[in-house]
Structure formats: structure tokens, C-alpha cells
Amino acid sequence: MSPLLPNYLRTLRLQWGLSQLELAGLLGITESALSKFESQALAPTKNLMLGVQVIFGQDARQAFPALYAQSERTIMRRAAAF
């Protein structure tokens, strides 16, 4: 993933006053994995996106806007091909 794509995971975590260890524990992942998601070294998984929605009340469009927009464009191109 490009570091230029918006990802608000770190921002949400800090707004809620959670450490990486605490949020990783809530999401059932390692602190190292969370760090990679926050730095965009790893693309968010479905489980991560669902966890973010449950914990912060933010859906994929809000928490991961660039990834959502990219997926939307891909799907729309596929739909136009029909």
C-alpha cells in the first residue's frame, strides 16, 4: 500500500486514548501487526475493518477512505464492462 493513501486507524486509536497494545488486544492481533496496519505496510483485513467498526463506530469508508475509494472504482469499472 502507498503511504499516501489515507488510513485513520492511528488517529482513531489516539483519539480514544488507546495504546497499540490495547487496541491490538481488542482486535485479537499482535502489536506488530497493528503497527503494520497503521503504517500501511499491510492492507487492512476484513476482520480488522469489522473490528474498527465495532470498536470506534467507523465503517470502512470512514476509517480507510482511500482503500474504499479504490475498491469502489474497481467495482464500477467491472460493472461498466457488463
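Above this text you will find the structure in question.
Throughout what follows, the structure given in this document is the object of discussion. These numbers come from a predicted model, not from an experiment. (Residues numbered from 1 in each chain as written. Predicted model: local features only at pLDDT ≥ 70, side-chain atom pairs only at ≥ 80, totals over all residues. Heavy atoms only, no water.)

What follows is about the packing of helix α2 (residues 20–27) against helix α4 (residues 46–56). Contact geometry for α2 and α4: axes closest at 10 Å, N-to-C directions at 110°. The angle between α2 and α4 places the two elements in the roughly perpendicular class. Facing α2, whose interface residues are Leu23, Leu26 and Leu27, α4 presents Leu48, Gly51, Val52, Ile55 and Phe56. (Axes fitted to C-alpha atoms, helices over the stretch in contact; angles between N-to-C directions. Helix = DSSP H or I, 4+ residues; strand = E, 2+ residues; numbered from the N terminus. Parallel < 35°, antiparallel > 145°, perpendicular 65-115°, else oblique. Contact = heavy atoms within 4.5 Å.)

Leu9, Leu23, Leu34, Leu48, Val52, Phe56 and Phe64 are the most contacted members of the largest nonpolar core, which totals 15 residues. Elements with a contribution of two residues or more to this core: α1 (9–15), α2, α3 (31–38) and α4. Setting aside residues no more than four positions away along its own chain, Phe56 makes contact with Leu9, Leu12, Arg13, Trp16, Leu18 and Leu23. (Core = buried A, V, L, I, M, F, W, Y, C linked by side-chain atoms within 4.5 Å. Buried < 20%, exposed > 50% of the residue type's maximum accessible area, 1.4 Å probe, protein only.)

A few words now on unusual backbone geometry. At Gln40, a position not held by glycine, the phi torsion is positive, near 70°. Within the secondary structure, Gln40 sits in the loop between α3 and α4. Taking the relative accessible area as the measure of exposure, Gln40 reaches 8% and is therefore buried.

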